[in-house]
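Listed here are the chains, written in short residue letters.
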Amino acid sequence: MAGMRWDAQRLDAEDPATLPGMPTLRGLLRSVQVPEFPGLTFHEVRSKSALNEVPGDSAVPFRWTINPYRGCSHACVYCLRGDTLVLMADGRQKAIADLRVGERIVGTERRGTYRHYVTTEVLAHWSTVKPAHRVRLADGTELVASGDHRFLTGRGWKHVTGAMAGRDRRPYLTTNDELLGFGRSADALDVCADHRRGYLRGGLREHVRFIHLVDPAIRRTCPLDGIAVTSDADLRVVEVQDLGLEMPMYDITTGTGDFIANGVVSHNCFARGTHQWLELDTGRDFDSQVVVKTNLVDVLRRELARPSWQREHVALGTNTDPYQRAEGRYRLMPGVIGALAGSGTPLSILTKGTLLRRDLPLLAAAARDVPIGLGVSMAIWDGDLHASLEPGVPSPRSRLELVRAITDAGLSCGVFLAPVLPGLTDRLADLDAALGAIAEAGASGVTVVPLHLRPGAREWFSAWLAREHPQLVPRYQQLYRRGAVVAPEYRTWLAGRVAPLLARYGFDRQAGGAARGADVGDTPAGIPGDGESDFPAGSLPPTRPGARTAQARPAAAPAGEQLTLL
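Let me sum up the structure you'll find in this document. Throughout, a residue's number is its position along its own chain's written sequence, starting from 1. This being a predicted model, a pLDDT of at least 70 is required before a residue's local features are given, and a value of 80 or more before pairs of side-chain atoms are given or counted; all residues contribute to the totals for chains, interfaces and linings. Derived side-chain values reflect all non-hydrogen atoms in the structure, with water molecules and hydrogen atoms excluded from consideration.

1. A word on unusual backbone geometry
The peptide bond linking alanine 418 to proline 419 adopts the cis configuration, its omega dihedral lying at -5°. Here proline 419 is to be found in strand E21 (residues 414–420). Non-glycine residue asparagine 262 carries a positive phi angle of around 50°. Numbering of helices and strands starts at the N terminus; helices are DSSP runs of H or I of at least 4 residues and strands are runs of E of at least 2. In this structure, asparagine 262 sits in the loop between strand E15 (258–261) and strand E16 (264–267).

2. Side note on the sheet that holds strand E4 (residues 64–66)
A pair of strands is treated as paired once DSSP finds two or more bridges between them. Strand order across the open sheet formed by seven strands is E3-E4-E18-E19-E20-E21-E22, with mixed pairing between neighbours. Single-partner strands in this sheet number two, and they are strand E3 (51–53) and strand E22 (445–450). Adjacent strand axes in the sheet meet at a mean angle of 25°, parallel and antiparallel pairs treated alike. In this structure, strand E18 (residues 314–316) lies alongside strand E19 (residues 347–351), joined through three bridges in parallel fashion. Following the sheet pairing, leucine 316 is matched in E19 by isoleucine 349. Inter-axis angles, ranging from 0 to 180 degrees, are taken between N-to-C directions of lines fitted to C-alpha atoms, where helices are fitted over the stretch in contact.

3. Focus on the pattern of salt bridges
The salt bridge definition used is simple: a Lys or Arg side-chain nitrogen within 4 Å of an Asp or Glu carboxyl oxygen. Across all of its chains, the model carries 23 salt bridges by this definition. We note a salt bridge from aspartate 234 to arginine 236, for which the minimum N-O separation is 2.7 Å. By relative accessible area, which is 42% here, arginine 236 ends up partly exposed. Each of Glu53, Arg63 and Glu312 takes part in a single network of salt bridges with overlapping partners. Whether a residue is buried, partly exposed or exposed follows from its accessible area with a 1.4 Å probe, protein chains only, as a fraction of its type maximum: under 20%, in between, or over 50%, in that order.

4. Thoughts on helix H5 (residues 333–342)
A large share of H5 lies buried, amounting to seven of its 10 residues. All buried positions along H5 are accounted for by Met333, Gly335, Val336, Ile337, Ala339, Leu340 and Ala341. Throughout, a residue-residue contact means that at least one pair of heavy atoms, one from each residue, lies within 4.5 Å. Elements in contact with the buried residues of H5: E4, helix H3 (296–304), E18, helix H4 (326–330), E19 and helix H6 (360–366). Glycine 344 occupies a position one or two residues after H5 and carries a positive phi of about 80°.

Structure representation (C-alpha cells):
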C-alpha cells in the first residue's frame with residue numbers, strides 16, 4: 001500500500017547483549033539457516049512492542065498494525081535510486097537498476113594508508129522501497145539514497161542521516177563533510193581550447209569525463225585501476241534533504257564491499273527490507289534476511305490487556321506479509337489471531353501468501369467473537385509475466401484457490417485486482433477471465449487499481465518495460481506523461497471497460513443495493529478513490545453496533561494511488 005510510512009519499531013531487548021558480527025542489532029538471540037527454507041536467513045529477536053500506530057495523516061481506515069516479521073521473502077535490499085550511475089570496469093557508467101550479477105565494476109581497496117580504485121564484481125543485486133533523501137554536493141553532484149546508506153568521507157564512512165544521541169546515534173553526513181571520488185563526470189560538451197587542454201592536465205576527473213562524453217569503442221582495461229582515490233573536485237556536502245516520500249531503491253554486493261555511485265565512493269548496504277540496521281558480511285549473497293519477533297505474541301497480549309486499549313481495528317499485512325515463508329517455521333499468526341480475538345479486537349489480514357489456509361479454522365472460530373476482514377491481492381494471470389514481475393510470490397492461480405478456501409470456510413474475502421498494467425493485463429478477455437474467476441471463487445468484493453508509478457518506481461518499471469516489452473515504451477510515456485498517475489483518459493477507459501464486468505459478476509451491488517464507491521466524485525464503482533472505498537467488501541472487518549472505530553482520517557491522495565506496483 002503506497003503512501004503509508006510506518007514508524008520504525010526498534011527491536012531492543014532488556015538485555016543489550018548482541019552476537020559477534022551483529023553490533024547494531026540489539027535483542028538478537030540467534031541467526032539460523034534451515035534446509036527447508038533454502039536461501040533464507042532468520043534473525044530471531046526479542047521485541048519490546050507489537051502494536052504499531054499508523055501516522056495520523058494517513059488516509060487508511062485503521063489506526064493500528066502488527067508486523068510479525070521485519071523484511072519479507074518477497075523483497076530484499078535497497079539503498080540508491082534506480083537511475084544512480086555505477087562506474088563499470090571499462091570506464092562506462094550504468095544505472096544501478098540495470099546491473100546484473102557477474103558484471104565487472106569499479107570498487108576500492110586500502111593499500112597502506114591510501115585507498116585505490118580496483119576492479120571488482122557484482123555478487124548480488126536487490127531492490128525495494130525506502131524513504132528517500134537527496135544529497136547535494138558543491139560541484140553539482142546529486143545522489144538520492146535511503147537514510148541508512150553510507151558514503152565515504154574524509155572522516156570515514158557516514159550514513160546519510162543519523163543523530164548525535166539516542167537510538168539513532170551514528171556517524172552521518174553534515175555540511176562539514178566532503179565525499180571521496182571524482183564527482184560529476186559528464187556535463188554537456190563545451191568544446192574550447194581550455195576544454196581540450198583539460199583532458200591532458202585535468203587529472204582523473206577530466207579523464208573519466210572524457211570517456212563518458214566520447215564513449216570510445218575500444219577499452220581493454222579499467223582506466224582507474226590502481227589509481228589512488230584523490231580528486232580536486234569540490235565534493236563538499238551542501239545539503240541533505242528529506243524528500244518526504246518512499247521510492248524503490250537498489251543495492252548490490254561487490255567483492256570489495258563498495259562501488260562508485262555518481263562519481264563518489266559508496267558502501268554496500270546490507271540492509272534487508274525494513275531492518276536496515278542489520279549489517280551482513282561483505283560479499284555474501286543472501287536471497288533474503290528476515291528478522292523474526294519471536295516474543296511477539298507475549299508482548300501483544302500484554303499490550304492488549306492495558307486498560308487504555310480501546311479495541312480498535314488492527315490490520316496485518318499492510319507493511320510486510322504475515323504469511324510469508326518464515327511463518328511456516330515460526331507460526332506466530334495463530335497466537336496473534338488468538339490474542340486479538342480473545343481481547344475483543346477486530347482484525348483484518350491482507351496477504352499474497354497461501355499459508356493463510358492453515359489458520360482458516362482458527363479464523364472461522366474467531367469470527368464468532370470479533371469482526372474479521374480478509375483480503376487477497378492478485379493481478380497477473382500470465383505465467384511468464386508473473387515470473388518476470390513477481391518472482392518468489394505464490395501464483396495468482398494459487399491465490400485464487402486461497403479465496404475459494406476462505407469463502408468455503410464461511411468467511412468474507414475481498415480481492416484487490418491490482419495493479420492493472422496498460423497493454424499487458426487490461427485486455428477485455430483478461431479482465432473478464434479474472435473477474436469471472438474471482439466471482440466464481442466467492443469473493444465478497446473486488447477493487448480494480450491501475451498501475452501507479454511513483455518517483456523511483458517509474459525508473460525501475462521503465463527499465464523492465466524497455467527490456468521485456470520495448471514496443472510499449474512510447475505508450476507508457478504518453479500515459480504517464482503527467483507523472484505518477486496514469487492519464488485521465490486511460491482511467492476513464494478502464495472504468496468503462498470494467499463497469500459492465502463488475503455488473504455481470506455482481507460486484508457493483510452490495511447490501512442494500514448500493515454500489516460500493518459509486519458516484520464518489522469521478523470514481524466509478526470498483527475503482528478506488530480514497531480511505532475505506534479503496535478496500536473491497538470483505539477485506540475490512542464489518543462494523544458492529546456500538547463497536548469503537550478509529551478516528552476518521554483525511555483523504556489525502558488522488559484516486560488509484562493506494563496500490564502500487566513495486
